[in-house]
Amino acid sequence: MTFIEKLSAAWAANDSLLCVGLDPDMARLPAQFQNNPQGIYQFCTEIIDATADLACSFKPQIAYFAALGAEDQLEKICAYAKANYPHIPMILDAKRGDIGATAKQYAREAFDRYQADAVTVNPYMGSDSVEPYMEWSDRGVIILCRTSNAGGSDLQFLKVDGKPLYQHVAKLVAEKWNANGQCALVVGATFPEELAQVRAIVGDMPLLVPGIGAQGGDIEATVKAGRTYNGTGMMINSSRAILYAAPQGGEDFAAAARRVALETRDAINAHRA
């Protein structure tokens, strides 16, 4: 299955637009995983087990693993998810941006080493920085468009032919770069008006939407702005709010994560119609 086919099937099978981010912060992990050489792997795989029936995708952020020298654990986490939940897309959040042979190596890292179904990339260096990822015709290429951070406006609102740069990126990806039909865009939940404008430009192209949960994006406004005609089209990411949910009533960390993931999935679904 291609990335888009797998994502569409996951939307339907789990009745979910929720993407669970995997951002293991050693300072916030439960005590049993700290000072444990395999603690990151154990933590993340238990989170995956607890939320796999509630998510349309998983999104490990590579920096959290690389900073700890835990890339081997990330490999094992991706392999675990692929073996146990092959129907749930795995998105490597790497935000790579380079050209030529270097970009091809980043693509090999994402798609061969980590077996990711999709990877996030930065479009700043133009089409030839994205093309090497397209050589894997079944994999997704998720391109930064309107990011959730306030500083994104420094560049993304610069005018190109009278329109903000992020709209130019959306149009470029939708009309020229999406030759394999496997592209998606990153558009933050913190800017629902811009999210709606991107949706109008790109039609039913999937959107990876960070910014709810710890970043404070409004779920109702996000879903109404970004959903497609059939109530899908989005991977709405939540990382810290799920990973580090406070246990209640004797819950362990995984049960707490599942509870918050279920609440988030259902809150999203309340506004999909």
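Residues numbered from 1 in each chain as written. Predicted model: local features only at pLDDT ≥ 70, side-chain atom pairs only at ≥ 80, totals over all residues. Heavy atoms only, no water.

As annotated in an unreviewed UniProt entry, the protein chain carries the name Orotidine 5'-phosphate decarboxylase and comes from Pseudoduganella guangdongensis. For the record of the protein chain, the UniProt heading Pathway (unreviewed entry) holds the text "Pyrimidine metabolism; UMP biosynthesis via de novo pathway; UMP from orotate: step 2/2." What UniProt records for the protein chain under Catalytic activity (unreviewed entry) is the sentence "orotidine 5'-phosphate + H(+) = UMP + CO2". (UniProt positions renumbered as here; feature names shortened; annotations may be inferred.)

Engineer: Which residues make up the pairing of strand β2 (residues 57–60), and what values go with them?
Structural biologist: Residues of β2 alternate between two faces, with Ser57 and Lys59 on one and Phe58 and Pro60 on the opposite face, all of them buried. A crossover links strand β1 (residues 18–22) with its parallel partner β2, the connecting element being helix α2 (residues 39–51), and its sense is right-handed. (Buried < 20%, exposed > 50% of the residue type's maximum accessible area, 1.4 Å probe, protein only. Helix = DSSP H or I, 4+ residues; strand = E, 2+ residues; numbered from the N terminus. Right-handed = clockwise from strand over helix to strand, strands pointing away.)

Engineer: Which residues make up the packing of aromatic side chains, and what are the values?
Structural biologist: Here the structure, examined in full by the defined rule, presents eight aromatic pairs. Ring centres of Phe111 and Tyr133 lie 6.4 Å apart, and the angle between their planes is 90 degrees; on these two criteria the pair is classed as edge-to-face. On the criterion of sequence distance, the pair formed by Phe111 in helix α5 (residues 100–113) and Tyr133 in helix α6 (residues 131–134) is long-range, its members being 22 residues apart. Given a relative accessible area of 0%, Phe111 falls into the buried group. Note on Phe111 and Trp136: the rings are 5.6 Å apart at their centroids and 50 degrees apart in plane angle, and the pair reads as tilted. Placement of Phe111 in helix α5 and of Trp136 in the loop between α6 and β5 (140–146) is noted, with a sequence separation of 25 residues between them. Of the two residues examined, Phe111 and Trp136, each falls in the buried class. Site record: aromatic cluster; members linked through ring pairs are Phe33, Phe43, Tyr244 and Phe253. (Phe/Tyr/Trp six-rings, centres within 6.5 Å; stacked < 30°, edge-to-face > 60°.)

Engineer: Can you lay out the packing of α2 against helix α12 (residues 253–269) for me, pointing to particular residues and giving the numbers?
Structural biologist: The N-to-C vectors of α2 and α12 enclose an angle of 45 degrees; their axes lie 9 Å apart at closest approach. Taken together, the axes of α2 and α12 lie oblique to each other. Crossing handedness for the pair α2 and α12: right-handed. Facing Phe43, Glu46, Ile47, Ala50 and Thr51 of α2, the residues of α12 in contact are Phe253, Ala254, Ala257, Arg258 and Ala261. (Axes fitted to C-alpha atoms, helices over the stretch in contact; angles between N-to-C directions. Parallel < 35°, antiparallel > 145°, perpendicular 65-115°, else oblique. Left-handed = near helix turned anticlockwise from the far one by under 90°. Contact = heavy atoms within 4.5 Å.)

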